[in-house]
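# Results of the structural survey
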Amino acid sequence: MAIIEAQGLSKCYGEQRVVDALSLSVPEGICWGLLGPNGAGKTTFLRMLTGNTSPSAGSLRVLGFPVPGKAVELRRHIGVVPQQENLDVDFSVVENLRTYASYFGISRSRLQSRIPELLKFAALESRAGSPVTALSGGMQRRLSLARALVNEPKLLILDEPTTGLDPQARQLIWQQLRALRARGMGLVLTTHYMEEATRLCDQVTIMDHGRILDSDSPQKLIARHIEAQVIEVYGKGLDSWHGVRGEALAERFERVGDTCFYYARDERPLLDALRGHPELSYLHRPANLEDVFLRLTGRELRDA
Ligand SMILES: Nc1ncnc2c1ncn2[C@@H]1O[C@H](COP(=O)(O)OP(=O)(O)OP(=O)(O)O)[C@@H](O)[C@H]1O
Ligand SMILES: [Mg+2]
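For clarity, every value in this text was computed on a predicted model and none was experimentally measured.

### Some remarks on the overall build of the chain
Secondary structure summary: the chain contains 11 helices and 14 strands in total. Dimensions of the chain, computed from C-alpha atoms along their principal axes, come out at roughly 75 × 45 × 35 Å. For the chain, the proportion of its 304 residues judged to be buried stands at 49%. For the chain, restricting intrachain contacts to residue pairs at least 6 apart in sequence, the fraction spanning at least 24 positions comes to 67%. When the accessible area of the chain is evaluated, it comes to approximately 14,800 Å², of which 49% is carbon and sulfur surface. Here the chain contributes 37 positively and 36 negatively charged side chains, and the mean placements of these two sets differ by 6 Å.

### Some thoughts on the side chain of T44
On the secondary structure map, T44 appears in helix α1 (residues 42-49). Setting aside residues up to four positions removed in sequence, T44 forms contacts with K11, Y13, V18, V19 and T53.

### Re the environment of S130
Mapped onto the fold, S130 is located in the loop between α4 (108-121) and α5 (137-148). When the C-alpha atoms of S130 and R285 are compared, they prove to be 45 Å apart, with 155 residues separating the residues in sequence. Not counting residues up to four positions away in its chain, the partners in contact with S130 are S92, V93 and L135.

### Comments concerning the environment of E117
Within the fold, E117 resides in helix α4. Taking the C-alpha atoms as reference points, E117 and P82, separated by 35 residues in sequence, lie 22 Å from one another. One polar contact links E117 to R114, side chain to side chain, over a distance of 2.8 Å.

### Quick look at unusual backbone geometry
The amide bond that connects V67 to the next residue, P68, takes the cis arrangement and shows omega of 10°. Of note, P68 is situated in the loop between β5 (65-66) and α2 (71-75). Its identity is not glycine, yet L63 carries a phi of approximately 50°, on the positive side. With respect to the helices and strands, L63 occurs in the loop between β4 (57-62) and β5. L63 gets classed as buried once you look at its relative accessible area, which sits at 14%. Backbone geometry places E152, a non-glycine residue, at a positive phi of 50°. With respect to the helices, strands and loops of the structure, E152 is situated in the loop between α5 and β7 (155-159).

### Considerations on the sheet that holds β4
Within the open sheet, the four strands sit side by side as β2-β1-β4-β5. Their pairing is antiparallel. Every other strand in the sheet has two partners, leaving β2 (16-27) and β5 as the edge strands with one partner each. Judged from the two bridges that link them, β4 and β5 form a sheet pairing that is antiparallel. Bridging across to β5, R61 finds its partner in P66. In this fold α1 packs onto β1 (2-13), β2 and β4, with an angle of close to 120° to the strand it touches most, β1.

### A look at the domain arrangement of the chain
You can read the domains of the chain as domain 1 (2-220) and domain 2 (227-286). The centre of domain 1, based on its C-alpha atoms, is set 40 Å off from the matching centre of domain 2.

### Describing the nonpolar core
In this structure, L35, L97, L119, L143, L145, L156 and L177 are the most contacted members of the largest nonpolar core, which totals 53 residues. Three or more residues apiece are contributed to this core by two domains, here domain 1 (2-220) and domain 2 (227-286). Excluding residues within four positions of it along the chain, L143 makes contact with L87, V93, N96, L97, L124, V132 and L135. By size, the runner-up hydrophobic cluster in this structure holds 28 residues, among which are V19, V26, M48 and L74.

### Here's the deal with the coordination of the magnesium ion (ligand 2)
Coordination of the magnesium ion (ligand 2) by the protein involves T43 (OG1) and Q83 (OE1), with metal-donor separations of 2.0 to 2.2 Å. Taken together, the residues T43 in helix α1 and Q83 in the loop between β6 (78-81) and α3 (93-103) connect sequence positions 40 residues apart. The partly exposed category is assigned to Q83, whose relative accessible area is 34%.

### Comments concerning helix α11 (residues 289-297)
Where α11 is concerned, the buried positions are L289, D291, V292, F293 and T297. A side-chain oxygen of the first residue of α11 lies 3.0 Å from the backbone nitrogen of E290; this N-cap is N288. In the stretch just after α11, G298 is the one whose phi turns positive, near 85°.

### Describing the sheet that holds strand β12 (residues 252-256)
As summarised here, the arrangement of the four strands in space is β12-β13-β11-β14, forming an open sheet in which the pairing is antiparallel. Of all the strands in the sheet, just β12 and β14 (281-286) have a single pairing partner and so form its edges. For this sheet, the mean angle separating the axes of adjacent strands, direction not counted, is 20°. Sheet topology note: the β12/strand β13 (residues 259-264) ladder contains five bridges and is antiparallel. Each residue of the ladder has a partner; that of R252, found in β13, is Y263. Running over the sheet, helix α9 (residues 238-249) touches β11 (229-234), β12 and β13 and is turned about 10° from β13.

The rules behind these values
- Residues numbered from 1 in each chain as written.
- Chains lettered and ligands numbered in written order.
- Predicted model: local features only at pLDDT ≥ 70, side-chain atom pairs only at ≥ 80, totals over all residues.
- Heavy atoms only, no water.
- Helix = DSSP H or I, 4+ residues; strand = E, 2+ residues; numbered from the N terminus.
- Buried < 20%, exposed > 50% of the residue type's maximum accessible area, 1.4 Å probe, protein only.
- Contact = heavy atoms within 4.5 Å.
- Areas by Shrake-Rupley, 256 points an atom, 1.4 Å probe, with all protein chains shown as cover.
- Lys, Arg positive; Asp, Glu negative; His and termini not counted.
- Charge placed at Lys NZ, Arg CZ, Asp CG, Glu CD.
- Polar contact = N/O pair within 3.5 Å; in protein donor to acceptor, adjacent residues only side chain to side chain.
- Pairing = 2+ DSSP bridges.
- Axes fitted to C-alpha atoms, helices over the stretch in contact; angles between N-to-C directions.
- Domains from an automatic or database assignment.
- Core = buried A, V, L, I, M, F, W, Y, C linked by side-chain atoms within 4.5 Å.
- Donors = N, O, S within 2.8 Å, 3.2 Å for Na, K, Ca; no water.

Have a look at this one:
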């Protein structure tokens, strides 16, 4: 069964079509990543998934429930970590979990065991009584994740779960998300960290201006859009080296500021040609999802 099934889904704000006739199907039991530049329409799409905003056109089913028609029923089975933290700042960590649990009618006895489990999951046992305002950003994010799991959802929807977190906190969240997926929970996430999407997601969809540009596993997207090897070259003398050697030896190149990105199936001729040019600095690396993202969505800044 597909956990998400969208057909011709659109959302307009005034004249602006921020989600534009989107059709997609996400199978159950996978981690699906929705990627796109600022303003691409990711949060708007997620808000439609959860019934928080109504589509302007098209149809949508989540866990088999038509949305927004059956959004109230759907919400019993999903967990949501929103982009903007919305914890109750007047309450402590435990009170936040309890209040949220009360919306789902979870019994007192179930909560007795559930709350310690959630605190452990979020590594917040020692902060159980702390007011939310006394938590660091990373702790608040972990609490949001724990809160989203209160109702033991079948599907967890996370809008930029690790933005602003340090590497330790990010790694912890990655481990926890992998553990949830291993238990069969469906995961939907947005992120601007391409490395995160590569590590966590079985499938990603790259969107821009409300439309899908491509969908597949990270590895297949890389193989489809980018030559396997990338060499970034910069330094005085780049222009002349580029004219004589670089341009001819790469399948493709791209000049960005003072750096030239060379894309090649075989990196060796380029590396040989760089030898004996100490005036040039270079970085050789395998192609990655960020290369795909930039190729499909362009390099221009969005919110400038
Ligand atoms: N309530 C709203 N009213 C009017 N316009 C909106 C509203 N919500 C979003 N938009 C517009 O819709 C577009 C898509 O916004 P959205 O928040 O979905 O983008 P996003 O892909 O999540 O971006 P980011 O990566 O910055 O979070 C933007 O142009 C935004 O200004
Ligand atoms: Mg967003």
